Amino acid sequence: MDTAHPINAEHQKLAAKLEADGVQFAVGAWVDILGRAKSKIVPIDHLPNLLAGSERYTPRGLGDLGTMNPVEGESVALPDIDTMQILPWDRRFVFMAADLWAEGVEPFSNCPRSILKRQIDLAAEQGFEMFLGIEPEFYVFDPASRGAADGYLDPGFESGKIRPSQAYDVDSAMNAMSFLEPMTRYLAETGFGLFSYDTEGGDGQYEFDFGYFGALEMSDRMTLFKMMVRAAAKEAGLAATFMPKPYTNGWGSGAHFNMSLVDTVSKKNLFRDDDDPRGKGWSKTAYSFVAGILKHAPAIAAVATPTVNSYKRLTPRLADGTVSWAPVWISYGDNNRSCMLRLPHNRPAVENRAVDIAVNTHVCAAFMLAAGMEGIRDGLDPGEPNEELTYDWKPGQKGVQRLPRTLQEAIDEFEADPLTHEVFPAAFVTDYVDMKRAEWDAYHGTVSAWEIDQYLLNL
């Protein structure tokens, strides 16, 4: 079989060792725009060929990486051997993240991993490296409850519908150990550096907190993490969802991005400064990074909150009147959890609380890194941090812009922002905008149950 590169004899030895350890199959997965792993599966003795670029794809039209072109050339998946992991829930498989290369000679324009790698390289040229920590939230539910008339998903484990919420409830977590215990083992075996997990505010909602990594490694790990959650839920006879707001009265599921910059030579974190004129302990670099993200926040929303459903999470309050814990305004605050960007006291990082769990981590990290780097390059300043609870602000009240209210608004901002066209190849911008506008149109053209209840007999 043809390969994009010569086969490495050392990889043949590796394949033999893995086979002796019981591994039967290898996966070199590229990531689609939904953040899902896509790959052919090869027998383990074919691993050297896979690493040399034997597996070819026509990715457009698959995984929303553009509209299918029947005569377009193939792309080659080139796995990154440094990402190799034996899957702890099925040790027959070894898994690697891969880049898509068009015809094997240049990065495929719509490859999320390649888009992020380019921004990482540009930052490195300026002496910066970004580290990223993610706080993923998601729901686990009984799949038999899907399609219930009231839209409620029965939690996979008894929570008692504790009010005001089940957040941090120990009994609820212990009830779910047939799912949570395997997750902790899988995270440990794959080197995530798990340090805690808990029940979140929604019935059947959970959050895991683990180590931070370089932006590319963290993005690759998030692809693996979602596979892991699905597998552990399935083992427990349940289903997991990464839908940002799976039902009206529930909490939304975020994926807060905690971003920090280090000097590429000294590896020193660049976001702390005891001589901060504002007296908050943050550096000019951190403030400029914040200012860059705030400047481009409307466009970033198109990839940070990438679905129609995402914008049902970005509301100030839940149906019962309690705060949503999701941001609404394009603002930053010193340890203020009601702002889009928070400068937390317990870690030298900028936390973006707007990002939700539907995010493609590679694409979003690329855009936010570019925005932050622009802020640093141009010496932008974000103004004074906000110290107020923002949920009851009114439009125009504080001179602060609201985050986009709909996917359509976000996509319009994405297309109009000049930085979009610097970060993403032209083909990606066209395909992403077309895809997301089609998603909005399909949603907007569908008559909902709410409309029936509101208008059918009342007009």
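Below: a short report on this structure.

1. Section: empty space enclosed by the protein
- Applying the stated rule across the entire model yields five cavities of 30 Å³ or more.
- In terms of lining, the largest cavity is formed by Ala29, Trp30, Val31, Ala37, Phe95, Ala97, Ala98, Arg113, Asp220, Thr223 and His362.
- Elements that contribute at least two residues to the lining of the largest cavity include exactly β1 (25-31), β7 (93-102) and α6 (215-235).
- Grouping the constituent residues of the lining of the largest cavity by class yields seven nonpolar, two polar and two charged.

2. As for unusual backbone geometry
- Its identity is not glycine, yet Tyr168 carries a phi of approximately 65°, on the positive side.
- With respect to the helices and strands, the residue Tyr168 is situated in the loop between β9 (128-141) and α4 (170-175).
- Under the relative-accessibility criterion, Tyr168 is labelled exposed at 63%.
- With phi around 65°, Asn335 is a residue other than glycine that occupies positive phi space.
- Looking at Asn335, the relative accessible area reads 22%, which means it is partly exposed.

3. Remarks on the layout of surface pockets
- Within this model, the largest pocket holds a volume of roughly 1,700 Å³.
- Residue lining of the largest pocket: 49 residues in total, with Lys245, Tyr247, Thr248, Asn309 and Lys312 positioned closest to the centre.
- At the level of elements, α12 (426-444) and α13 (449-455) are the ones that each hand at least two residues to the lining of the largest pocket.
- Ranked by residues supplied to the lining of the largest pocket, first place goes to α12 with four residues.
- Of the residues assigned to the lining of the largest pocket, the class counts are 21 nonpolar, 16 polar and 12 charged.
- Approximately 860 Å³ is the volume found for the second largest pocket.
- The wall of the second largest pocket is formed by 37 residues, among which Glu135, Glu207, Asp209, Arg347 and Glu351 lie closest to the centre.
- Secondary-structure elements contributing two or more residues to the lining of the second largest pocket are β9, β10 (196-199), β11 (205-209) and β14 (255-263).
- Looking at the lining of the second largest pocket element by element, the count peaks at six residues for β9.
- A breakdown of the residues in the lining of the second largest pocket according to their chemical character gives 14 nonpolar, 11 polar and 12 charged.

4. Regarding the nonpolar core
- Within the largest apolar cluster, 108 residues are counted, with the highest numbers of intra-cluster contacts made by Phe179, Phe225, Phe257 and Phe414.
- Residues within four places of Phe257 in sequence aside, it is in contact with Leu132, Gly133, Ile134, Val350, Glu351, Asn352, Val355, Val359, Thr361, Cys364, Ala365 and Met368.
- Listed in part, the 11 residues of the second largest apolar core include Leu18, Ala26, Leu50 and Leu51.

5. A short note on the packing of aromatic side chains
- Counting across every chain of the model gives 27 aromatic pairs.
- Where Phe208 meets Phe225, the ring centres are 6.1 Å apart and the plane angle is 70°; that geometry is what we call edge-to-face. Of this pair, Phe208 sits in strand β11 while Phe225 sits in helix α6, and the two are 17 residues apart along the sequence.
- Under the relative-accessibility criterion, Phe208 is labelled buried at 0%.
- An aromatic cluster is defined as three or more aromatic residues linked by ring pairs; in this entry it consists of Phe138, Phe179, Phe192, Tyr197, Tyr206, Phe208, Phe210, Phe225 and Phe242.
- We note Lys40 situated over the ring of Tyr57; from NZ or CZ to the ring centre the distance is 5.2 Å.

About the thresholds
- Residues numbered from 1 in each chain as written.
- Predicted model: local features only at pLDDT ≥ 70, side-chain atom pairs only at ≥ 80, totals over all residues.
- Heavy atoms only, no water.
- 1 Å grid on protein atoms, 1.4 Å probe; cavity = no way out; pocket = protein on both sides within 12 Å on 5 of 7 lines; lining within 4 Å.
- Points joined across faces, edges and corners; volume = space filled by probe spheres on them.
- Helix = DSSP H or I, 4+ residues; strand = E, 2+ residues; numbered from the N terminus.
- Nonpolar A, V, L, I, M, F, W, Y, C, P; charged D, E, K, R; others polar.
- Buried < 20%, exposed > 50% of the residue type's maximum accessible area, 1.4 Å probe, protein only.
- Core = buried A, V, L, I, M, F, W, Y, C linked by side-chain atoms within 4.5 Å.
- Contact = heavy atoms within 4.5 Å.
- Phe/Tyr/Trp six-rings, centres within 6.5 Å; stacked < 30°, edge-to-face > 60°.
- Lys NZ or Arg CZ within 6 Å of the ring centre and 35° of its normal.

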